[in-house]
Amino acid sequence: MSEVKISAATRTEFGKGAARRIRREDKVPGVLYGHGSDPIHLTLPGHELLLALRTPNVLIALDIDGKTNELAIPKSVQRDPLKGFLEHVDLQLVQRGEKVTVEIPVQAEGELAPGGNLLEHVLNALPVEAEATHIPESVTVSVEGLEAGASILAKDITLPKGTSLAVEEDAVVLQVLAAQAEEAPEGEEAAEDEAAEA
């Protein structure tokens, strides 16, 4: 996993007004915490942070005020619900060699058995424990030929070396559902909805 270098500055202003001023400058307020140390309040560059967060569990090498270098992973990201811009980020301090618990995306590949079956992601992300500098970006699971009623459990997923499950082995990750009976054509549904509204 590659590191993304980001320069950050410590901040001393808090509250909604200060956060608004920071965001107007295309920056994002954040907090760095972990290892029993006091939280460090930061201002981070908005665009660089947005690009870095496109990678799940990205490892961020923070240059704080040009004096301190720290490694961190994102723990909580708040976005504006309408516009999608970053409002705040919580970062967890990590060290090389340290094990951390994170959630990694689960990707399914292959075709289900014929018959219009549906694949349900019971867990969109799989909780795992991995070394902070070797967090897998995702895991891929084959669903080739699975029939309705089939499930893939956490223990069935092959994890990269050095990564272990942080969830019950019998937790259902993916399951195949039988196709539902055909629904009424759209025109009939619309007519029923209009009748109900009248």
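Criteria and cut-off values
- Residues numbered from 1 in each chain as written.
- Predicted model: local features only at pLDDT ≥ 70, side-chain atom pairs only at ≥ 80, totals over all residues.
- Heavy atoms only, no water.
- Helix = DSSP H or I, 4+ residues; strand = E, 2+ residues; numbered from the N terminus.
- Buried < 20%, exposed > 50% of the residue type's maximum accessible area, 1.4 Å probe, protein only.
- Contact = heavy atoms within 4.5 Å.
- Areas by Shrake-Rupley, 256 points an atom, 1.4 Å probe, with all protein chains shown as cover.
- Core = buried A, V, L, I, M, F, W, Y, C linked by side-chain atoms within 4.5 Å.
- Pairing = 2+ DSSP bridges.
- Axes fitted to C-alpha atoms, helices over the stretch in contact; angles between N-to-C directions.
- Polar contact = N/O pair within 3.5 Å; in protein donor to acceptor, adjacent residues only side chain to side chain.
- Salt bridge = Lys/Arg side-chain N within 4 Å of Asp/Glu carboxyl O.
- Arc of directions from axis to C-beta.

(A) Molecular detail of the overall build of the chain. A tally of helices and strands in the chain yields three helices and 13 strands. By residue count, 34% of the 198 residues in the chain fall in the buried class. Of the contacts made within the chain by residues no fewer than 6 positions apart, 62% connect residues no fewer than 24 positions apart. Of the accessible surface of the chain, which amounts to about 12,000 Å², a share of 47% is contributed by carbon and sulfur atoms.

(B) Focus on the nonpolar core. With 27 residues, the main nonpolar core has Leu-126 and Ile-157 as its most contacted residues. Elements supplying a minimum of two residues to this core: strand S4 (59-64), strand S5 (68-79), strand S7 (99-109), strand S9 (125-131), strand S10 (139-142) and strand S13 (172-177). Aside from chain neighbours lying at most four places away, what touches Ile-157 is Leu-126, Val-139, Val-141, Ile-152 and Val-173. Listed in part, the 18 residues of the second largest apolar core include Ile-6, Leu-49, Val-58 and Ala-72.

(C) How the structure looks around the sheet that holds strand S3 (residues 37-45). With mixed pairing, six strands are arranged side by side around a closed barrel as S1-S3-S2-S6-S5-S4. The sheet shows a mean angle of 45° between the axes of neighbouring strands, taken without regard to direction. Two strands pair when backbone bridges link them, and S5 and strand S6 (residues 86-94) are joined in this way by eight bridges, in the antiparallel orientation. Across the sheet, the residue bridging to Ser-76 is Asp-90, located in S6. Along the sheet, helix H1 (residues 16-24) contacts strand S2 (27-34), S3 and S6; its crossing angle with S2, the most-contacted strand, is approximately 120°.

(D) Summary view of the pairing of S5. Relative to S5, S4 runs antiparallel, the two being bridged by five bridges. Bridge pairing links Ala-61 to Leu-71 in S5. Where S4 hands over to S5, the hairpin turn is made up of three residues, of which Asp-65 adopts a positive phi near 55°.

(E) Structural view of the side chain of His-88. Tracing the backbone shows His-88 in strand S6. Looking at His-88, the relative accessible area reads 18%, which means it is buried. A distance of 3.4 Å separates polar atoms of two side chains, one belonging to His-88 and the other to Asp-90. With residues up to four places along the chain from it excluded, the contact list for His-88 reads Arg-11, Val-28, Pro-29, Gly-30, Val-31, Ser-76, Val-77 and Gln-78.

(F) Spotlight on the pattern of salt bridges. Counting across every chain of the model gives one salt bridge. We note a salt bridge from Asp-170 to Lys-155, for which the minimum N-O separation is 3.2 Å. Of this pair, Asp-170 sits in the loop between strand S12 (164-165) and S13 while Lys-155 sits in the loop between strand S11 (151-153) and S12, and the two are 15 residues apart along the sequence. A residue is classified by how much of its surface remains accessible, and Asp-170, at 51% relative accessible area, is exposed. Under the relative-accessibility criterion, Lys-155 is labelled partly exposed at 46%.

(G) Structural detail: the sheet that holds S9. Reading across the sheet, the four strands line up as S10-S7-S9-S12 and stay open at both edges, with mixed pairing between neighbours. Every interior strand has two partners, whereas the edge strands, S10 and S12, have only one. Pairing geometry for S7 and S10, over four bridges, is parallel. Residue pairing in the sheet places Ala-108 in a bridge with Val-141 of S10.

(H) Just H1, in detail. All buried positions along H1 are accounted for by Ala-18, Ala-19 and Ile-22. When H1 is viewed along its axis, its buried side chains cluster within an angular range of 100° and face the same direction. Exposed residues lying more than 90 degrees from the buried face of H1 are Lys-16 and Arg-24. Residues of H1 that are buried in the fold lie against S2 and S3. Downstream of H1 by one or two residues, Asp-26 has phi in the positive range, about 60°.

Keep in mind these numbers describe shape, not what the thing actually does.
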